[in-house]
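Here is what each chain is made of, one letter per residue.
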Amino acid sequence: MNNLQKVADWLRSSKKTVVLTGAGMSTESGVPDFRSASGWWTKTDLQKVATVDALEFNYPLFHEFYSMRIRLLEKCAPHEGHHILAKWEKDGILHRIATQNVDGFHFQAGSKCVDELHGSIYTFRCHSCGQSASKESFLAKERCGHCQGYLRPNVVLFGEMLPEKAWQNALSNIQSADLVIVIGTSLEVYPVNQLPMMTKGKKVYINKEIASHASYFDCILEGKAKEVLIKLDELLSTNK
C-alpha cells in the first residue's frame, strides 16, 4: 500500500481529524513563503520588521511591510486545496483546522472550524489602547482616534503571546485527535511546532520540503499542499 492510500484509509477511519497548516498551504495561492529556501525569509529579515520593536521604534518600516502584505493578499485567493479541506469539514471527514497563516483563506474557502494561531491580517487595532481600527485607517497611516497610538494588524509579532483561545482550542483538539495532518510548515516556529507531538493519534506530514522533524511522523507525503490534497480527495471519492 502506498502512502497516499494509507493516509486516505486513515482519514476514512478516523473519528476525529485535525489539520495544522503553515505558509506552504498558501504559496500555491500566490502568497510568498518566508521560510523556504527561496522564500522571503532569505530576502527580508522578519525579526527586524515583524516585531514590537519595529512597530514602536521604526513604524515607517513596519507599516510599509504590512501594507505591502495586505495589498498582495488582495490579489490572492484560496486554491483548490483550501476548498477540499472545507468540503471535508462539511462531509464530517475533518473536524478542526489550526493555522499559522494570517491570510484567512480557510474561512474564505468555507471552513468554519478554524483556529488562527498567529492572528488575522484583516482586522486592526491600536497598539497602545487596543481600540479597533479599520483597514483603511491603517493603510492611510492614520493614528488612533482615541489615544494617537500606532495602528497595527491583529497578527502575532515576534515575542508576543499567541491568542489564548485559539491556542487552547488547537491544543485540546490535537490532544484528542485520532489523526493529525500537518501541511506546509517547516515546524520551526515555537510553540506551534510542539502541537503535533501532543497527540496520541497518527501523525502525517505533507510538505514540499521535508524538515528534520519528519522522523516524528507516522507517514510523510512529500509534495505541494494543493497537489497532495487533490490526490487524497480523489482516493476518498473513488473508494466511498
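Residues numbered from 1 in each chain as written. Predicted model: local features only at pLDDT ≥ 70, side-chain atom pairs only at ≥ 80, totals over all residues. Heavy atoms only, no water.

**Student:** Can you explain the environment of I174? Please cite residues and give values.
**Tutor:** Structurally, the position occupied by I174 is in helix 8 (residues 164–175). A C-alpha to C-alpha distance of 9.1 Å links I174 and A98, two positions 76 residues apart in sequence. Those residues in contact with I174, other than ones at most four positions away along the chain, are V18, V180, L195, M198 and T199. (Helix = DSSP H or I, 4+ residues; strand = E, 2+ residues; numbered from the N terminus. Contact = heavy atoms within 4.5 Å.)

**Student:** Could you give me a rundown of the confidence of the model for the protein, with the residues and numbers involved?
**Tutor:** With 93% of its residues at a pLDDT of 70 or more, the protein has an overall mean of 92. Counting interchain partners and residues more than four positions distant, the pLDDT-below-50 stretch residues 35–42 has 24 contacts. (pLDDT = per-residue confidence, 0-100.)

**Student:** An account of the pattern of salt bridges is needed here, citing residue identities and associated values.
**Tutor:** As enumerated under the stated definition, the model contains 5 salt bridges in all. In this structure, the salt-bridge partner of R12 is D9, at a minimum N-O distance of 2.9 Å. Here the residue R12 and the residue D9 both occupy positions in helix 1 (residues 3–13), the gap between them amounting to 3 residues, near one helical turn. Since its relative accessible area comes to 26%, D9 is described here as partly exposed. Notably, a salt bridge pairs D233 with K87, separated by 2.7 Å at the nearest N-O pair. Taken together, the positions of D233 in helix 9 (residues 225–238) and K87 in helix 5 (residues 80–90) put the pair 146 residues apart, joining distant regions of the chain. Judged by its relative accessible area of 11%, D233 is buried. According to the relative accessible area criterion, K87 is partly exposed, its value standing at 33%. (Salt bridge = Lys/Arg side-chain N within 4 Å of Asp/Glu carboxyl O. Buried < 20%, exposed > 50% of the residue type's maximum accessible area, 1.4 Å probe, protein only.)

**Student:** Before we move on, could you go through empty space enclosed by the protein and cite the residues and values that matter?
**Tutor:** Over the atoms, a rolling probe the size of a water molecule traces out where space has been left empty. This structure, assessed with the given rule, holds 2 cavities of 30 Å³ or more. Lining the second largest cavity, in full, are T99, N101, D103, G104, F105, H106, F107, V114 and E116. Looking at the lining of the second largest cavity, the elements with two or more residues in it are helix 6 (105–109) and strand 3 (114–116). Broken down by element, the lining of the second largest cavity gets its largest block of residues, 3 residues, from helix 6. (1 Å grid on protein atoms, 1.4 Å probe; cavity = no way out; pocket = protein on both sides within 12 Å on 5 of 7 lines; lining within 4 Å. Points joined across faces, edges and corners; volume = space filled by probe spheres on them.)

**Student:** Now, about the sheet that holds strand 8 (residues 202–207): what can you tell me, with residues and values included?
**Tutor:** In any sheet, the strands associate via hydrogen bonds between backbone groups, in a parallel or an antiparallel arrangement. Taken in spatial order, the 6 strands make up an open sheet running 3-2-1-7-8-9, and their pairing is parallel. Strand pairing shows two members of the sheet lacking a second neighbour, strand 3 and strand 9 (219–222), which therefore form its edges. For this sheet the average axis-to-axis angle between neighbouring strands, irrespective of direction, equals 15 degrees. Looking at chain direction, strand 1 (residues 17–21) and strand 7 (residues 179–183) are connected through 5 bridges and run parallel. If you follow T17 over to strand 7, its bridge partner there is L179. Of the strands in this sheet, strand 1, strand 7, strand 8 and strand 9 touch helix 1, which is tilted by about 120 degrees from strand 9. (Pairing = 2+ DSSP bridges. Axes fitted to C-alpha atoms, helices over the stretch in contact; angles between N-to-C directions.)

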